[in-house]
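As a plain string of letters, each chain reads:
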Amino acid sequence: MILKEKVIGGLNRVALAVNSNRYISAIKDSFYSLIPIIITGAFATLFSSMVFDNVNGLAKIKALGWLVQLKPISDAINYATLSFFTIYAVFLIGIEMGKRNHIEGYFPGIIALMSYITVNPSVYQYLDGKKTLEIANVFAKQYTDTKGLFLGMFIAIVSVELYAWLSTRKSLIITMPDSVPPNVSRSFSALIPTMLSVGIIGTSAFLIQKMTGMYLYDIIYNLVQKPLQNVVQGLPGILTLMLVAQIFWLIGIHGNQMIKPVREPLLLAAIAANTEAFNAGKALPNIITMPFWDMYMSMGGSGVTIGLMIAVLIASKREDTRSIVKLSFVPGLFNINEPLIFGLPIVLNPIMGIPFIITPLVTGTIGYFATAWGFAARAYVMVPWPTPPLISGWLATGGNWGAVATQVICIIVSILIYLPFVQAMNRMNPKQDL
């Protein structure tokens, strides 16, 4: 009991440290705002492939052939959303960091964006036959789409922190007479901190490039972002991430919130990369994406509790348990399972805690190999997480029935895993403290 209390106390301290960290919370809050952008771009891709396409979509029907003329609309929306994902992220993280430094308004987002543009080259080189051509005053796509995401997050945080610190130095603030309008006065107050912030960031990036021969983008992408993506794209990496989330859930802490700062940048970037590859007619690069997590590892909510609910309705003889499941079933179909986690309860429940941890690891493994072997298609559409199972698999993969069948298999397996533990609960006194 003492060891159990120490473990729980330790996890609670970790959770408190993560949730109270200003940088992690800024990234989390920013990604909440980014989700509609991703979904908008993804659904534009869905329409492009399933409606406006004259090979696989509705436009292949002779009477609907005119729909192909609308494809440029979906292509433009997709370009405006996913191809500028990092730009939007930098701006939003800048604003969130401004709030944490008691700077209201959008200007911290502008500071972050200026700084990010400053550290990246504005000359694009490409090989035309044997001749290398340079195009000046352009911003290459790799700096605006998801490949630049980690550098963007880093620059947004550093630049706004630097600006906030410089803004507190009274010697750097230009004070205007009271007769000057407040908006003009604020602009002059921010002038020197802005110049110094962007200047310091730009100069630092320049010196790093001269000393190493690499731009900051190359350093961060190759040394940080790409290795992390490779870890999460491997089955052990994603299962470890899920295991951490489930352990936190068991002590009453929202597990998904705890891993969000790691999960969201990597898995959202992965689905964005798949969407762009699909639009370009290329092979989809990533198996594990944000929809993969929702499709195979979180059906009914964390712990794949859709299997638990069905298992309870099949085998439970306890009226209290059945009543809770009946009340939780409709929310559970939309992957909202807090009523079940805290009402059954699963939290601090030694019986239900075991399958709650095991089930998503098993279903995630099934989903991974089904996708790797080609039975289920890779996801390229970012569907909202409350989308019910089966529908989510069909939409995320652009209508692939193998993905839907894999979800059915995962649900059956989850039921089989939960059933013995539901039966074990039948033998317990309903008033017994779980």
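Overview of the structure. All values derive from a computational prediction rather than experimental measurement. (Residues numbered from 1 in each chain as written. Predicted model: local features only at pLDDT ≥ 70, side-chain atom pairs only at ≥ 80, totals over all residues. Heavy atoms only, no water.)

With respect to the overall build of the chain
Helix and strand content of the chain: 17 helices and 2 strands. When its C-alpha atoms are laid out on the principal axes, the chain stretches across 75 × 65 × 45 Å. Sequence separation of 24 or more characterises 69% of the internal contacts of the chain that already satisfy a separation of 6 or more. When the accessible surface of the chain is split by element, carbon and sulfur atoms take 67% of a total near 20600 Å². (Helix = DSSP H or I, 4+ residues; strand = E, 2+ residues; numbered from the N terminus. Contact = heavy atoms within 4.5 Å. Areas by Shrake-Rupley, 256 points an atom, 1.4 Å probe, with all protein chains shown as cover.)

Comments concerning the environment of Val 404
Turning to its location among the elements, Val 404 is positioned in helix 17 (residues 401-426). Separated by 13 residues in the primary sequence, Val 404 and Ile 391 place their C-alpha atoms 7.6 Å from one another. Setting aside residues up to four positions removed in sequence, Val 404 forms contacts with Leu 390, Gly 393 and Trp 394.

Observations regarding the nonpolar core
Judged by nonpolar contacts, the single largest core of 98 residues is most densely connected at Ile 238, Trp 293 and Leu 308. When sequence neighbours within four positions are dropped, the list of residues in contact with Leu 308 reads Leu 340, Leu 344, Ile 346, Met 352, Tyr 418 and Val 422. In terms of nonpolar packing, the next biggest core, distinct from the first, is built from 5 residues, Ile 103, Ile 111, Tyr 163 and Ala 190 among them. (Core = buried A, V, L, I, M, F, W, Y, C linked by side-chain atoms within 4.5 Å. Buried < 20%, exposed > 50% of the residue type's maximum accessible area, 1.4 Å probe, protein only.)

Looking at the packing of helix 2 (residues 22-50) against helix 6 (residues 149-167)
Orientation of helix 2 relative to helix 6, taken along the N-to-C sense of each, is 120°, at an axis distance of 12 Å. Classified by the angle their axes make, helix 2 and helix 6 are oblique. Here the hand of the crossing between helix 2 and helix 6 comes out right-handed. Counted together, Arg 22, Tyr 23, Ile 27 and Phe 31 of helix 2 and Leu 149, Met 153, Ile 157 and Glu 161 of helix 6 form the full contact between these two elements. Residues belonging to the contact of helix 2 with helix 6 are distributed by class as follows: 6 nonpolar, no polar and 2 charged. (Axes fitted to C-alpha atoms, helices over the stretch in contact; angles between N-to-C directions. Parallel < 35°, antiparallel > 145°, perpendicular 65-115°, else oblique. Left-handed = near helix turned anticlockwise from the far one by under 90°. Nonpolar A, V, L, I, M, F, W, Y, C, P; charged D, E, K, R; others polar.)

Overview of helix 15 (residues 353-372)
Helix length check: helix 15, at 20 residues, gives a terminal C-alpha distance of 29 Å against a target of 28 Å (1.5 Å per residue), a fit within 8%. Packing partners of the buried residues in helix 15 comprise helix 8 (216-233), helix 9 (235-250), helix 11 (290-296), helix 12 (305-315), helix 14 (338-343) and helix 17. At the C-terminal side of helix 15, Gly 374 shows a positive phi close to 90°. (Expected span 1.5 Å × (residues − 1).)

Here we look at the environment of Phe 84
Turning to its location among the elements, Phe 84 is positioned in the loop between helix 3 (71-81) and helix 4 (85-100). In the structure, Phe 84 is positioned 57 residues away from Lys 141 in sequence and 8.0 Å away in space, judged by C-alpha atoms. Discounting chain neighbours no more than four positions away, the residues touching Phe 84 are Tyr 79 and Thr 144.

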